[in-house]
Structure formats: structure tokens, C-alpha cells
Amino acid sequence: MKAQYFKYLLKFKRPGGTSRGVLLDKETFILEISENEKKGIGECAIFRGLSYDDKPEYEEKLKWLCENINADTFLLKEELKQFPSIWFGYEQAILNLKNGENLYFPSQFTEGKFPILINGLIWMGDIGFMEEQIQDKLYKGFQCIKLKIGVDWKSEYEILQKLRYKFSKNQLELRVDANGGFKKDEAKIILQQLSDLNIHSIEQPIKAGYWEDMAELCSETSTPIALDEELIGIIEFSEKKKLLEKIKPQYIILKPALVGGFSGCDEWIFLAEQQNIQWWITSALESNVGLNAISQYTYTKNNTMPQGLGTGGLFTNNFDTPLSLIGDQLYFNKK
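Because the structure is predicted, anything quoted here is derived from the model rather than measured.

Considering the overall build of the protein
Logical step 1: Secondary structure assignment for the protein yields ten helices and 13 strands.
Logical step 2: Computed over the C-alpha atoms, the radius of gyration of the protein is 20 Å, within 12% of the 20 Å expected from 2.2 N^0.38 for a compact globule of 335 residues.
Logical step 3: Judged by the C-alpha coordinates and their principal axes, the protein covers about 60 × 45 × 35 Å.
Logical step 4: Considering the protein as a whole, with its 335 residues, one finds that 54% of them fall into the buried category.
Logical step 5: In the structure as shown, the protein presents an accessible area of about 15,300 Å², 49% of it carried by carbon and sulfur atoms.
Logical step 6: Distance between charge centroids for the protein: 3 Å, based on 40 positive and 47 negative side chains.

A few points about the sheet that holds strand β12 (residues 323–326)
Logical step 1: Taken together, three strands build an open sheet; the order of strands is β4-β13-β12 and the sheet is antiparallel. Two strands lie at the open edges of the sheet, namely β4 (116–117) and β12, each paired on one side alone.
Logical step 2: Examined bridge by bridge, β4 and strand β13 (residues 329–332) share two bridges and lie antiparallel to one another. The residue bridging L117 from the neighbouring strand is Q329, located in β13.

A closer look at the UniProt feature "domain: Mandelate racemase/muconate lactonizing enzyme C-terminal" (unreviewed entry) in the protein
Logical step 1: With numbering matched to this structure, UniProt assigns "domain: Mandelate racemase/muconate lactonizing enzyme C-terminal" (unreviewed entry) to residues 127–224.
Logical step 2: Taken end to end, residues 127–224 has its terminal C-alpha atoms 25 Å apart, with 51% of it in helix and 13% in strand.

Some remarks on unusual backbone geometry
Logical step 1: Its identity as a non-glycine residue notwithstanding, N198 has a phi of 55 degrees, on the positive side.
Logical step 2: One can find N198 in the loop between α6 (184–196) and β8 (201–203).
Logical step 3: Of note in the backbone geometry, Q204 takes a positive phi value of approximately 40 degrees without being a glycine.
Logical step 4: With respect to the element layout, Q204 can be found in the loop between β8 and α7 (211–220).

Some points on the domain arrangement of the protein
Logical step 1: Segmenting the protein into domains produces domain 1 (2–99) and domain 2 (108–332).
Logical step 2: For domain 1 and domain 2, the distance between their C-alpha centres works out to 23 Å.
Logical step 3: Taken together, the contact between domain 1 and domain 2 spans 33 residues of the former and 38 residues of the latter.
Logical step 4: Among the ionic pairs, E236 bridges to K81, the shortest N-O distance being 3.0 Å.
Logical step 5: The interface formed by domain 1 and domain 2 holds 13 residue pairs in polar contact (both at pLDDT 80 or more) in total.
Logical step 6: For the side of domain 1 that touches domain 2, the elements supplying multiple residues, two or more each, are β1 (2–18), β2 (21–35), β3 (38–44) and α3 (84–99).
Logical step 7: For the side of domain 1 that touches domain 2, the leading source of residues is β1, giving ten residues.
Logical step 8: When grouped by side-chain class, the residues that make up the side of domain 1 that touches domain 2 number 15 nonpolar, nine polar and nine charged.

Here's the deal with the pattern of salt bridges
Logical step 1: Throughout the structure, instances matching the rule amount to 24 salt bridges.
Logical step 2: The residue R48 makes a salt bridge to E27 at a minimum N-O spacing of 2.7 Å. Residue R48 is located in the loop between β3 and α1 (58–67), and its partner E27 is located in strand β2; the two are separated by 21 residues in the primary sequence.
Logical step 3: Relative accessible area serves as the criterion here: at 36%, R48 is assigned to the partly exposed category.

What to know about the packing of α6 against α7
Logical step 1: Between α6 and α7, the least distance of the axes is 11 Å, while the angle of their chain directions is 15 degrees. One finds that α6 runs roughly parallel with respect to α7. Like other packed secondary-structure pairs, α6 and α7 cross with a definite hand, here right-handed. Contacts between α6 and α7 pair K184, A187, K188 and L191 from the former with D213, E216, L217 and E220 from the latter.
Logical step 2: Within the contact of α6 with α7, the residues separate by chemical class into three nonpolar, no polar and five charged.

Quick word on the sheet that holds strand β5 (residues 120–122)
Logical step 1: The strand order β5-β6-β7-β8-β9-β10-β11 describes an open sheet built from seven strands, whose pairing is parallel. The open sheet has two free edges, formed respectively by β5 and β11 (278–281), since each of these has just one partner strand. The average angle at which neighbouring strand axes cross in this sheet is 25 degrees, direction not considered.
Logical step 2: Direction of pairing for strand β10 (residues 251–254) relative to β11: parallel, over a ladder of four bridges. Within the sheet, the bridge partner assigned to Y251 lies in β11 and is Q278.

Thresholds applied
- Residues numbered from 1 in each chain as written.
- Predicted model: local features only at pLDDT ≥ 70, side-chain atom pairs only at ≥ 80, totals over all residues.
- Heavy atoms only, no water.
- Helix = DSSP H or I, 4+ residues; strand = E, 2+ residues; numbered from the N terminus.
- Rg over C-alpha atoms; globule rule 2.2 N^0.38 Å.
- Buried < 20%, exposed > 50% of the residue type's maximum accessible area, 1.4 Å probe, protein only.
- Areas by Shrake-Rupley, 256 points an atom, 1.4 Å probe, with all protein chains shown as cover.
- Lys, Arg positive; Asp, Glu negative; His and termini not counted.
- Charge placed at Lys NZ, Arg CZ, Asp CG, Glu CD.
- Pairing = 2+ DSSP bridges.
- UniProt positions renumbered as here; feature names shortened; annotations may be inferred.
- Domains from an automatic or database assignment.
- Contact = heavy atoms within 4.5 Å.
- Salt bridge = Lys/Arg side-chain N within 4 Å of Asp/Glu carboxyl O.
- Polar contact = N/O pair within 3.5 Å; in protein donor to acceptor, adjacent residues only side chain to side chain.
- Nonpolar A, V, L, I, M, F, W, Y, C, P; charged D, E, K, R; others polar.
- Axes fitted to C-alpha atoms, helices over the stretch in contact; angles between N-to-C directions.
- Parallel < 35°, antiparallel > 145°, perpendicular 65-115°, else oblique.
- Left-handed = near helix turned anticlockwise from the far one by under 90°.

So this is what it looks like as C-alpha cells:
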């Protein structure tokens, strides 16, 4: 086998607002593995400022992988375990090399027979911008909406109140994602406010790394808490088990690019299900290459909850995709 990679800069159509700041573009790397005139493509979807492997030697490690592409898989995984997004790209490329065309996990989804239910994501911004996004999602028929919060809670709370006044919890599932934007004491108050509005869940109410505080919140909350950033950088199986046993969250959120690819997700799912912790899968601003692979993987996990998958529509210069969205259903177009 031979391998090569190239860097690609995805440009946002409109700046994406989060509690960590505004995103204008998204750097990523495309990995190609070839053998006997066949080619497999994967995306090493690093997320600057968030990925565990956002390190100066990132490209150096990518070059190492290309130079050692024929090494034993166990050796490669050991070498790349500190670089989850590179391992994610490698897994994709190998699967694509094996399955051909734009396939990673052939299934009834890739046959075009069944879709994946997804949530609609509302980016941060002023009230007008957020309400504009919400109206668009409701018009398209989304039954589950996720709002980014944590910048202007007063305004964000007003939006949630308006939504819940208009739509009951049976009509519209509301999720919120704080990206670690609150302090513990502040989070306790907000969790109760969210409970009063029948909010489905809140992702990462406080910053990652404060296990004691997060465990306290999870044990007391009337609004289910989902761990997201908390999982990033937890590499060893024993540490994953320790984290879940300590914090006891209601949910975990799995982003393959950030938690060690599909094999990393499989470990988290196995441990979560042992402890009756529910989970769902989300994308993390990948290009259509990574998003296609994640969507195919997600379908094989048979999770009926709305998943947090993107649609590839955020960027002006994305790659072609077999994915299409009809309402809140993500389909694979076989043709």
C-alpha cells in the first residue's frame, strides 16, 4: 500500500458562533491509501483548539503514517493513540479501500432504503439570527432542535421559553449545548430552569476535567446531563471506565474524530451500555468525506434517538456528497 495526505481549509458560509468563539474556517487533512489501482479516502478531522491531538507535530505524525502505512495495525494504533483524528482518518481510508466507491459501512442505509433521524443545530448569535435559524428548522419539519448556549444566557433562556410556550415537549424535543460555558453554581440554577421547560438534555454544562463537580451536578440534576468535551483525551479503556463510574452521566456524546475514531466510539458505547448510560453520535465540523463515513457508521449502531450529524451545508467549498436531507431525515443517495 501507498499513502499520501493533503491539507484542506473549509470556509464557513456564515461565521459559526460557539461559547469558545466565532469560527470562520476549519482546517482538515485528507488521507489517501492506494493499493492495486484501488484508492481509499479518509479525513483526519482535527479540530483546532478542541482536539486532543492539536499539537505542533501533527503533520509530522501524518507523514510518519504515510511512510509506515504497511506496518502492523497494532503498531500503528499504538503509535497513533495520542492522535485520535489521524487514527480516525486511517480507519476510514482502510474501510473505503476495502469497500470501494464512497462506502465505509455498507448497510441498508447505503442502499438508500432507510434514513437516519437527526437534530437541527442552532448556532449562537443575536436573538434575531437564532430565531431565524429556528424558524428555518421548524419549517423544514425538525422535531428535535439543539441550541448552542453559554454566551448570553438571559437571551438564550427567553428563546427557549418562547419555543416551549409554542411547542410542548411531545411536539418538539429541545436540547442545549453549553460547551462548558457555565460555572458550577451557575449551572445548578440553569439546570433547574431547563427542567422547568422540559429540556431533553444539556451537553457539558461546565468545563471538562472537573470530575467531582460534574459528578455532583449529574447526581442532583433534574435535567439530564450529557458529557461531550469530557471524553476528549481519555484514551485508555480503564480511564474511560473510571470516568463513567465516577461521574455517572445520563448521556455521553460521541464525536469519532475526537475520541479515537470508530474503534474509540465502540469502546465508549460498550462501557456506557454496561452502566445504563445512553448515548448518541455527532459530527464535529468534518468535511463531507468524514461526515459520510460517520453517518454510515452511525446507522450500523441502531440508535433510534435523533443523532447530531451535520449535513455538509455549512461550508462554501465542501466536497461532493451522497448524503441528502429531507426534513430531519438524512438519506444516502446510492446514485
